[in-house]
Amino acid sequence: PLATLPQDAEREALLIAPRIAQSLRELGAKPDLKPARDHAPDIHASLLRPNVARKLLALADSVSMPPLAPLVIAARGYHSEIAAQPWLTNAERSRREALERAGNEERFVAQYALLERTSEYDVVPSLIAMGSAVGMRTLAQEAVWYPGDRAPSSRELMERHGLASVSFGPSVPAAWRPYYRRMLDIAISDLRLALPSLDVRGLSVRFQEIGEDVGALALHDPRQRRLLLPPSTAAGTLAHEIAHDLDWQAAVKRYRVRGDYASDRAMRAGVASGDRLALRLQDLTVGTTTASATSPRLLAHAKRPAEVLARHIEWFVTTALAAQGRGDGYLSSVQDEMLTGYGTVRAPEITGVAADALITILDQIAPVYPVTRDAFLRNYGSGRSLRSYDLVRRVIETDIPDARGGAGRTAASDMRVFDGISRARELGDAAIDAWTCRAPGGAYNIQLEEARRGLVGQAAAARARGYAVRRARAMMGRDAGKWVAGQLYGAPWHVEGVSAEMESYLSALVTGARSVDEAPRIARQEGFGLTAPPARCGTALLQLTR
C-alpha cells in the first residue's frame with residue numbers, strides 16, 4: 001500500500017474521490033436516533049448459522065492459541081460501550097463480553113456470529129469487527145502457527161541476536177511461549193533488513209503483562225535496558241520499542257550515560273548548546289501531530305523527544321520493508337498514511353524537513369544502506385514531488401491561527417480564516433507547479449495535473465464549508481449550523497429557529513466559504529503542447545496554435 005501509484009491509477013482515483021465524498025455527505029443526513037425496537041428480528045444476522053458457530057467455538061476452545069494484538073486492541077477501544085446498551089438482555093450482554101475476550105480469529109468469528117442485534121443503531125460489534133479485520137492485514141504475510149510448531153528456544157535467540165535474556169512472566173502459558181519467541185526472532189530479522197547496522201547485544205526481553213492502567217502497549221525500560229512486552233499487545237510495537245533502544249545506545253556512545261535517551265538528553269541541553277543532535281531533533285518535530293493525545297499526560301508523552309524519534313524510526317522501518325515487498329505486523333501496525341494502526345506513528349510532515357533530519361540522525365546512530373536512504377528521501381524528503389494525499393494534507397493541515405477559535409471572534413476574523421484557506425489552496429497549487437516544472441517533457445500528464453488541481457480545490461472548499469458550519473453551530477447553536485449547511489450543500493433552505501437577524505450574520509459565513517470554492521482556477525493551456533508545461537515555470541511553452 002505504500003508504493004507510489006502509477007499515473008493512470010492515480011488519475012482514476014482522483015476522479016472517483018469527489019463521488020465518494022458526496023456519498024459520505026449523503027450518509028451524514030440521518031434522522032435522529034430512535035430507541036431499539038422491541039422483539040425485532042436480528043437485523044445483522046450472520047451468514048454463519050448458530051450451530052456451526054458453536055461448533056467452531058468448541059474447536060477454537062480446544063486449542064490453546066495466543067491472543068492477537070489487532071483483535072485485543074480493537075475490542076479494548078470499545079470496552080465501555082460494547083455491553084452498555086440498556087436494551088441488552090443478560091444473555092446478550094454475556095455474549096458481548098465473551099466477544100471482547102475472544103483474542104483470536106476463530107473464537108472472534110464464532111462469538112460474533114452468535115450475537116443478536118435488534119436495533120439498527122447497535123453498531124459497536126460491527127465497529128470492533130471492522131477494526132479487527134483491518135488490523136489483521138498487517139499479519140497477512142506471517143506463517144500460520146499452532147501449539148507444538150517449531151520455534152527457537154530462548155538460548156538460540158540469545159546466541160543468534162546477542163540478547164542478554166528472553167524470559168516470560170508466570171501468567172504466560174507454556175504453550176504460548178514458542179509463538180512469542182518466534183515472533184521476536186522474525187521481528188529482529190526483518191528489522192535488520194531496514195536497519196542493517198542494528199545491534200541489540202545486551203538487550204533483555206521479557207514477555208509479561210504490565211497492566212492496562214499504564215496506558216502503554218509495550219515498554220522499553222532504560223534503567224535496566226529491558227523490553228517489557230505484554231503477550232496480548234506486543235505485536236506491532238517492536239519497531240518502536242527497539243528504536244528506543246537505539247536511542248539508549250546513542251546516549252551511551254555520545255554522552256557516556258546509562259539509563260537515559262540521547263534524544264531527551266540533547267533536547268534538555270537545548271539547541272543553544274550547539275549540539276547537532278538537538279538541532280536535528282528540533283527539525284524532527286516540525287509538523288508533529290499530537291491529535292491522538294487526549295490528556296495533558298498523554299500530550300506531554302507524545303511531545304517527548306524520545307517518542308518523536310521512535311515514531312519516525314518506526315515509519316522509516318515500515319516504508320523500507322514495504323519497498324522490499326515485506327509487511328511485518330510484529331514490528332508495526334502501520335499500513336499506509338491513512339491506516340496508521342493502533343500506534344501513534346504518522347507519516348513525516350509534508351515539507352520534508354523532518355525526513356531529512358531523520359536520515360541525518362540515522363546516519364549517526366544506525367546507518368542504513370545508501371539505496372534505502374535515497375529511496376526514503378525521494379519519497380519523504382524536502383526534494384520530493386508531493387503525491388495527491390500530500391497535496392490534500394497541505395490544504396487541510398496548514399495552520400490558520402484565526403481558525404483556533406476563542407473569545408473576541410468577529411466577522412473580520414472569520415474572513416481571515418477563509419483567506420487563510422485560500423492561501424493554503426495556493427500552496428497546493430504551488431506544489432503542483434513544482435511537480436510539473438520538474439517533470440520531463442515526455443512524462444508530463446496534463447490530465448493528471450488537472451485532476452490534482454481539482455482535488456486541491458475541492459479540499460480547500462471542503463475545509464471552508466466545514467469551518468463555516470462549525471462556526472455557526474458554536475455561535476448560535478445546531479439550528480444555525482443546519483441553516484449554513486443547507487445554504488452550502490442544498491436544502492433545507494429554511495430552518496426553524498433561525499431569525500432574520502441571525503441570517504444576516506450567517507450569510508457572511510456562507511459568502512466566505514463560497515469565495516474559497518469560487519476562486520479563479522489556473523486555466524488549462526490551449527493548443528497542442530509539445531514539451532512540458534507551462535508558463536508558470538518561467539519558460540515559454542512551445543505550442544502549435546490551432
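Residues numbered from 1 in each chain as written. Predicted model: local features only at pLDDT ≥ 70, side-chain atom pairs only at ≥ 80, totals over all residues. Heavy atoms only, no water.

Explanation requested: the overall build of the chain in the structure shown.
Looking only at helices and strands, the chain features 20 helices and six strands. The proportion of buried residues among the 546 residues of the chain is 46%. Residue pairs in contact within the chain that sit at least 24 positions apart in sequence constitute 67% of those at least 6 positions apart. Summing over all exposed atoms, the chain offers an accessible surface of approximately 27,400 Å²; the carbon and sulfur share of this is 56%. (Helix = DSSP H or I, 4+ residues; strand = E, 2+ residues; numbered from the N terminus. Buried < 20%, exposed > 50% of the residue type's maximum accessible area, 1.4 Å probe, protein only. Contact = heavy atoms within 4.5 Å. Areas by Shrake-Rupley, 256 points an atom, 1.4 Å probe, with all protein chains shown as cover.)

Would you take a moment to explain the packing of aromatic side chains for this structure?
The relation between two aromatic rings is expressed through the spacing of the ring centres and the mutual angle of the planes. Scanning all chains against the criterion turns up 10 aromatic pairs. Measuring from centroid to centroid gives 5.2 Å for Phe-168 and Phe-207, while their planes differ by 15°, and the two rings are stacked. Here Phe-207 lies in strand β2 (residues 204–207) and Phe-168 lies in strand β1 (residues 165–168), a separation of 39 residues in the sequence. Joined through ring pairs, the aromatic side chains of Trp-145, Phe-168, Tyr-179, Tyr-180, Phe-207 and Tyr-330 make up one cluster. (Phe/Tyr/Trp six-rings, centres within 6.5 Å; stacked < 30°, edge-to-face > 60°.)

Whenever I open this one, helix α5 (residues 105–113) confuses me. Can you help?
Side chains of residues three or four places apart in an α-helix project in the same direction, reflecting 3.6 residues per turn. Within the sequence span of α5, burial applies to Arg-107, Phe-108, Ala-110, Gln-111 and Ala-113. The inward-facing, buried residues of α5 abut α2 (50–61), α3 (69–76), α4 (90–100) and α6 (124–136). Here α5 starts with a cap whose side-chain oxygen sits 3.4 Å from the backbone nitrogen of Glu-106, and that cap is Asn-104. (Polar contact = N/O pair within 3.5 Å; in protein donor to acceptor, adjacent residues only side chain to side chain.)

Help me understand the side chain of Ser-263 in this model?
The topology assignment puts Ser-263 in helix α10 (residues 262–269). A distance of 2.4 Å separates the side chain of Ser-263 from the side chain of Asp-247, its partner in a polar contact. Once you skip the residues sitting within four places of it in the chain, Ser-263 turns out to touch Asp-247, Leu-277, Leu-281, Pro-305, Ala-306 and Leu-309.

Sorry if this is basic, but what is going on with a nonpolar patch on the surface here?
A contiguous nonpolar patch, built from Ile-16, Ile-20, Leu-24 and Leu-27 and spanning about 380 Å² of accessible area, is present on the exposed surface. Within the secondary structure layout, Ile-16 lies in helix α1 (residues 7–28). Residue Ile-16 is classed as partly exposed on the basis of its relative accessible area, which comes to 32%. (Patch = residues over 30% accessible without salt bridge, like charges linked within 9 Å, V, L, I, M, F, W, Y side chains within 5 Å. Salt bridge = Lys/Arg side-chain N within 4 Å of Asp/Glu carboxyl O.)

Looking at this model, I keep getting lost on α6. Mind explaining?
For α6, built from 13 residues, the straight-helix expectation of 18 Å at 1.5 Å per residue is met to within 8% by its first-to-last C-alpha distance of 18 Å. Among the residues making up α6, those that are buried are Val-124, Pro-125, Ile-128, Ala-129, Ser-132, Gly-135 and Met-136. Buried residues in α6, looked at end-on, bunch into an arc of 140°, giving them a common side. Where α6 is buried, its residues contact α3, α4 and α5. (Expected span 1.5 Å × (residues − 1). Arc of directions from axis to C-beta.)

I'm lost on the sheet that holds strand β4 (residues 226–229) in this one. Help?
Either a parallel or an antiparallel arrangement is found when strands of a sheet pair, and the pairing is made through backbone hydrogen bonds. Taken together, the four strands give an open sheet; going across it, the order is β1-β2-β4-β3, and neighbouring strands pair in mixed fashion. Looking at which strands have only one partner, the edges of the open sheet turn out to be β1 and β3 (219–221). With direction set aside, neighbouring strand axes in the sheet form an average angle of 20°. Relative to β4, β3 runs antiparallel, the two sharing three bridges. (Pairing = 2+ DSSP bridges. Axes fitted to C-alpha atoms, helices over the stretch in contact; angles between N-to-C directions.)

Got a minute to help me understand the pairing of β4 in this structure?
Working note: regular strand, side chains alternate between the two faces of the sheet. The pairing of β2 with β4 spans four bridges and is parallel. In the strand pairing of β4, Ser-204 is matched with Arg-226.

It is not clear to me how the nonpolar core should be interpreted in this structure. Could you clarify?
If you look at the biggest cluster of nonpolar residues, it comprises 85 residues, and the most contacted ones within it are Leu-163, Leu-195, Phe-207, Leu-284, Phe-316 and Val-317. Per element, the largest residue contribution to this core is nine residues, and it comes from helix α13 (residues 305–322). Ignoring anything within four residues of it in the chain, the contact list for Leu-163 reads Leu-157, Met-158, Leu-184, Ile-188, Val-200, Gly-202, Leu-203 and Val-205. Formed by 35 residues, the second largest nonpolar core is a distinct cluster that contains Val-417, Trp-483, Val-495 and Leu-509. (Core = buried A, V, L, I, M, F, W, Y, C linked by side-chain atoms within 4.5 Å.)

How should I be thinking about the packing of helix α8 (residues 177–194) against α13 in this particular structure?
For any two helices packed against each other, one specifies the inter-axial angle together with the distance between the axes. Contact geometry for α8 and α13: axes closest at 8 Å, N-to-C directions at 85°. Considering their axes alone, α8 and α13 lie roughly perpendicular with respect to each other. Here Asp-190, Leu-191, Leu-193 and Ala-194 of α8 come into contact with α13, specifically with Phe-316, Val-317, Ala-320 and Leu-321. (Parallel < 35°, antiparallel > 145°, perpendicular 65-115°, else oblique.)

Quick question: what am I supposed to make of empty space enclosed by the protein here?
The probe, sized like a water molecule, is rolled over the atoms to show the empty space still left. Tallied over the entire structure, the rule returns three cavities of 30 Å³ or more. The volume enclosed by the largest cavity comes to roughly 40 Å³. Contributing to the lining of the largest cavity are Pro-67, Leu-68, Ala-69, Leu-139, Tyr-179, Tyr-180, Met-183, Pro-231, Ser-232 and Ala-235. In terms of residues, the lining of the largest cavity owes the most to one element, α8, which gives three residues. Taken together, the residues of the lining of the largest cavity break down into nine nonpolar, one polar and no charged. (1 Å grid on protein atoms, 1.4 Å probe; cavity = no way out; pocket = protein on both sides within 12 Å on 5 of 7 lines; lining within 4 Å. Points joined across faces, edges and corners; volume = space filled by probe spheres on them. Nonpolar A, V, L, I, M, F, W, Y, C, P; charged D, E, K, R; others polar.)

Honestly, the pattern of salt bridges in this entry has me stumped. Any pointers?
It is possible for side chains bearing opposite charge to pair when their charged atoms get close. Under the criterion given, the structure shown has 27 salt bridges. Note that Asp-61 and Arg-107 form a salt bridge whose closest N and O atoms lie 2.9 Å from each other. Residue Asp-61 is located in helix α2, and its partner Arg-107 is located in helix α5; the two are separated by 46 residues in the primary sequence. Overall, Asp-61 belongs to the partly exposed group, its relative accessible area being 48%. You can call Arg-107 buried: its relative accessible area is 17%. Taking the shortest distance from any N to any O, the salt bridge between Arg-95 and Glu-92 comes out at 2.9 Å. Within this pair, Arg-95 and its partner Glu-92 are both found in helix α4, separated by three residues, close to a single helical turn. Owing to a relative accessible area of 23%, Arg-95 belongs among the partly exposed residues under this scheme. Salt bridges sharing partners connect three or more residues here, namely Glu-92, Arg-95, Arg-96, Glu-116 and Asp-122.

What is the right way to read a positive patch on the surface from this model?
Residues Arg-470, Arg-473, Arg-478 and Lys-482 make up a contiguous surface patch of positive charge. Taken together, the elements giving at least two residues each to the positive patch come down to α18 (446–476) and α19 (478–489). With respect to the helices, strands and loops of the structure, Arg-473 is situated in helix α18. (Lys, Arg positive; Asp, Glu negative; His and termini not counted. Charge placed at Lys NZ, Arg CZ, Asp CG, Glu CD.)

Please clarify how the packing of helix α7 (residues 154–161) against α8 should be interpreted in this entry.
Following both chains from N to C, one finds α7 and α8 inclined at 10°, their axes separated by 10 Å at the closest point. Considering their axes alone, α7 and α8 lie roughly parallel with respect to each other. α7 and α8 meet at a crossing whose hand is left-handed. Contacts from Ser-154, Leu-157, Arg-160 and His-161 of α7 reach α8 at Arg-181, Leu-184, Asp-185, Ile-188, Ser-189 and Arg-192. Residue composition of the contact of α7 with α8, grouped by class: three nonpolar, three polar and four charged. (Left-handed = near helix turned anticlockwise from the far one by under 90°.)

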